[in-house]
Each structure stands twice: as C-alpha cells, then as structure tokens.
Amino acid sequence: MPLPSPDYLAGYPPALTEPVARLLAQGRLGEALRRKYPAAHAIRTDRALHDYVQALRAEYLRNAPQPSKILFDGKLQSVGRALGTHTRIARVQGGKLKTKHEIRIAAVFREAPPEFLRMIVAHELAHLKESEHDKAFYQLCRHIAADYHQLEFDLRAYLCHLAAGGPPLWPATP
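Residues numbered from 1 in each chain as written. Predicted model: local features only at pLDDT ≥ 70, side-chain atom pairs only at ≥ 80, totals over all residues. Heavy atoms only, no water.

Some remarks on helix H3 (residues 46-60)
And step 1. If you check H3, its first and last C-alpha atoms are 21 Å apart, about what 15 residues at 1.5 Å a residue would give, namely 21 Å.
And step 2. For H3, every residue scored as buried is listed here: Leu 49, His 50, Val 53, Gln 54, Leu 56 and Arg 57. The buried residues of H3 occupy one face: seen down the axis, they fall within an arc of 160°. (Helix = DSSP H or I, 4+ residues; strand = E, 2+ residues; numbered from the N terminus. Expected span 1.5 Å × (residues − 1). Buried < 20%, exposed > 50% of the residue type's maximum accessible area, 1.4 Å probe, protein only. Arc of directions from axis to C-beta.)

This is the structure in structure tokens:
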C-alpha cells in the first residue's frame, strides 16, 4: 500500500515505511500514534512558544544568536511542506550590518504532543548555529532532543495520517 501524497516518508527504507503504510491502510495509524503520544502540549500562544524556545536556547545553545521573532505560522505547512522555518534577515543600519533571526513553527504543532514540538524547535534552533543539514546540524538536534530521529519519523507518520484524511489526534480542548 503506497503512502498518500505528499509522501512525508520518502527516502526512508521500506522496512520502516511498510508498517506505517499497513497501519494507515487498516485505519489504525492514528490509534498507534495516540498510544505512543497520549497528550498534547499546553503551549497555545505565540508568547508561550517564545518563552519555550528561549528556555531551550538558553539551556542548550547559550552562545547562539537571539531570535527576534518566534511564532506559530498558519501558512507554513501549505507552503513548500515546511514544518518550521528559520530565517536570517541582514540589514544595514548606520555603518553596521545587523542580522535578525526569525523562527516560525507550523500551526499544526499548536495541537501536537510535546515531543513533536520539541523536535521541531530543536531543528529550528540548530539552524541558529548550523545553516546546512549536515552531520554537525543533526548532532545539535540530538543534543537538544536525544531521540530526534525517532521523533522526526513519528511526526512524519502523523503527517501521512493527516494527508490521508485522518482527523487531528490531539485537538485543542475548549
């Protein structure tokens, strides 16, 4: 059974993707993810996200630049399938070159398990020090979230669940 388009698990070996595709075809992928990640995080506002990201930056990347803007972005997932972005904006102010850093997290993570949010934030924070997706970058990601690679795979399985028309698994409670 092929995974729905867009295939968020492209590039992973069949030994990993086939069980996900099987669970998806049986309508049990959401159930499996809910068992593994039972609850959503409590970070709902841009202010709370800002505080969360700054706390992680202070704990793991004290010498990294300070982001000037941190927020949930409702447009991200629909534009280029990005889950989060880190943007560097360089401007000349007076005789100096000033660089601002912005971190935007896709709004779909407003209602997700804390592990998924930590993985996305770790990824974007790592970009403060490493611009390329290379070995040093992924070492930083694992420094912030030790199980980074498993979380990324599980998150991509959840995105396959959503792409197949499955309901959000951690809806916000009123």
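Observations concerning the pattern of salt bridges
And step 1. Across all of its chains, the model carries six salt bridges by this definition.
And step 2. Asp 51 is the salt-bridge partner of Arg 47, the closest N and O atoms lying 3.0 Å from each other. Here the residue Arg 47 and the residue Asp 51 both occupy positions in helix H3, the gap between them amounting to four residues, near one helical turn.
And step 3. Classification of Arg 47 as exposed rests on a relative accessible area of 54%.
And step 4. Relative accessible area serves as the criterion here: at 38%, Asp 51 is assigned to the partly exposed category.
And step 5. A salt bridge links Glu 102 to Arg 104; its shortest N-O distance comes to 3.2 Å.
And step 6. Of the residues examined, Arg 104 reaches a relative accessible area of 21% and is grouped as partly exposed.
And step 7. Through salt bridges with shared partners, one network takes in Asp 73, Glu 102 and Arg 104. (Salt bridge = Lys/Arg side-chain N within 4 Å of Asp/Glu carboxyl O.)

Here we look at the environment of His 161
And step 1. Looking at where His 161 falls in the secondary structure, it is placed in helix H6 (residues 148-163).
And step 2. Exposure remark for His 161: the relative accessible area of 9% places this residue in the buried category.
And step 3. C-alpha of His 161 to C-alpha of Gly 30: the two residues are 131 residues apart in sequence and 6.6 Å apart in space.
And step 4. Contacts of His 161, omitting those with residues within four sequence positions, involve Leu 24, Leu 29, Gly 30, Gly 166, Pro 167 and Leu 169.
And step 5. For His 161, the side chain forms a polar contact with the main-chain oxygen of Pro 167, separated by 2.9 Å. (Contact = heavy atoms within 4.5 Å. Polar contact = N/O pair within 3.5 Å; in protein donor to acceptor, adjacent residues only side chain to side chain.)

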